[in-house]
Amino acid sequence: MSGPGFLEKWQRASRERESLLCVGLDPELERLPEPLRGGGPEALVRFCREIVEATLPYACAYKPNLAFFEALGPQGWSLLSEVLAAIPPEVPVIADAKRGDIGHTARAYARAIFEQLGCDAVTVQPYLGYDGLQPFLAYREKLVFVLCRTSNPGARDFQDLLVQSAEVGEGAPEGAGSQATPLYLVVAERVRRWQEQHGNCGLVAGATYPRELAAIRARCPELPLLVPGVGTQGGELEAAVRAGLDAHGGGILVAVSRAILYADAGHDYAAAAGEAARHLRAAINQARGS
């Protein structure tokens, strides 16, 4: 019998910790605190474990970025499993994988992330369309966060392009109702319809673009939003939180990585990470008015 799904875990953890904070685990060997430098990959595991322990009272989810473990070669997958084992099972884990491929390859990715790693959610990219995402959506107890309006500067290269998006009813004349719409809003609308079919969709919308984030929330009032970009990427926390909240004062996960992980480079790195997480949780709650 399967255990609780992502949404149940998230809601419970968020309520118990009074938190919308998601801690990103993006460990880099060359940026480990001074006491751990030179310790190799095992030091990376120790670092992540101590970060998890220090931030657990303030975080309602964790988001390991698979790239930083894959970069370690064959050992990386094993090290990632050790890090995941340090996260209590009642706290949801989002695999920041940004996968997206044709159907049979997507099925293999989904099995790896959901069955082998046991993650509760995943980030995916929509460029290949529905058949590239359907294998992930087939895991109904998992949550699939689709990239919509990302936090990086190059997001404008494609995501802001105006495209003709026509929702034409049966019998309407050709071209009726069509209008130029930014691509990211077309993605949001399409994912909203997939949510109606599957019930386990979410969107990634960066904190660095609060106006676009607000437009996404307006189009998708009930979809869960994963909001990266606060901290070192320059996202303004209060504006992002206010733009992304749903009608119930929730519905978002504010993902913060480096501002927590590297809050201190000395012996107090874990305590500093915990303190950074505590301050961020308080700032998020202040922004949401709780």
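Look up a bit, the structure's there.
In this report, the structure presented in the accompanying data block is examined. Since we're looking at a predicted model, the values are computed, not measured.

**Examining the overall build of the protein chain**
Then, number 1: When you go through the protein chain residue by residue, the secondary structure sums to twelve helices and ten strands.
Then, number 2: In terms of overall dimensions, the protein chain is globule-like: its C-alpha atoms have a radius of gyration of 19 Å, near the 19 Å expected for 290 residues.
Then, number 3: Its C-alpha atoms give the protein chain principal-axis dimensions of about 70 × 45 × 40 Å.
Then, number 4: Burial analysis of the protein chain (290 residues in total) assigns 51% to the buried set.
Then, number 5: Restricting to contacts in the protein chain with at least 6 residues of sequence separation, those with at least 24 account for 72%.
Then, number 6: Surface summary for the protein chain: the accessible area is close to 13,200 Å², and the carbon and sulfur share equals 50%.
Then, number 7: Here the protein chain contributes 28 positively and 34 negatively charged side chains, and the mean placements of these two sets differ by 2 Å.

**Section: the nonpolar core**
Grouped burial of nonpolar side chains is what soluble globular proteins tend to show.
Then, number 1: In terms of nonpolar packing, the biggest core is built from 79 residues, with Leu25, Tyr62, Val122, Leu203, Ile216 and Ile260 touching the most fellow members.
Then, number 2: Broken down by element, this core gets its largest block of residues, eight residues, from helix α12 (residues 269-288).
Then, number 3: When neighbours within four sequence positions are excluded, leucine 25 is seen to be in contact with Ile51, Val52, Tyr62, Lys63, Pro64, Asn65, Phe69, Val83, Ile87 and Leu261.
Then, number 4: In terms of nonpolar packing, the next biggest core, distinct from the first, is built from 15 residues, Trp10, Ala61, Ala121 and Phe145 among them.

**A closer look at the environment of arginine 107**
Then, number 1: Its place among the elements puts arginine 107 in helix α5 (residues 103-116).
Then, number 2: Look at arginine 107 and you get partly exposed, because its relative accessible area is 44%.
Then, number 3: Distance from arginine 107 to isoleucine 284, taken between C-alpha atoms, is 36 Å for residues 177 residues apart in sequence.

**Describing the environment of leucine 253**
Then, number 1: Locating leucine 253 in the fold gives a position in strand β10 (residues 252-256).
Then, number 2: The buried category is assigned to leucine 253, whose relative accessible area is 0%.
Then, number 3: Sequence separation of leucine 253 and alanine 59 is 194 residues, and the distance between their C-alpha atoms is 9.8 Å.
Then, number 4: Filtering out sequence-adjacent residues up to four positions away, leucine 253 remains in contact with Phe6, Trp10, Leu20, Cys22, Cys60, Ala61, Ile94, Phe145, Leu225, Leu226 and Val227.

About the thresholds
Residues numbered from 1 in each chain as written. Predicted model: local features only at pLDDT ≥ 70, side-chain atom pairs only at ≥ 80, totals over all residues. Heavy atoms only, no water. Helix = DSSP H or I, 4+ residues; strand = E, 2+ residues; numbered from the N terminus. Rg over C-alpha atoms; globule rule 2.2 N^0.38 Å. Buried < 20%, exposed > 50% of the residue type's maximum accessible area, 1.4 Å probe, protein only. Contact = heavy atoms within 4.5 Å. Areas by Shrake-Rupley, 256 points an atom, 1.4 Å probe, with all protein chains shown as cover. Lys, Arg positive; Asp, Glu negative; His and termini not counted. Charge placed at Lys NZ, Arg CZ, Asp CG, Glu CD. Core = buried A, V, L, I, M, F, W, Y, C linked by side-chain atoms within 4.5 Å.

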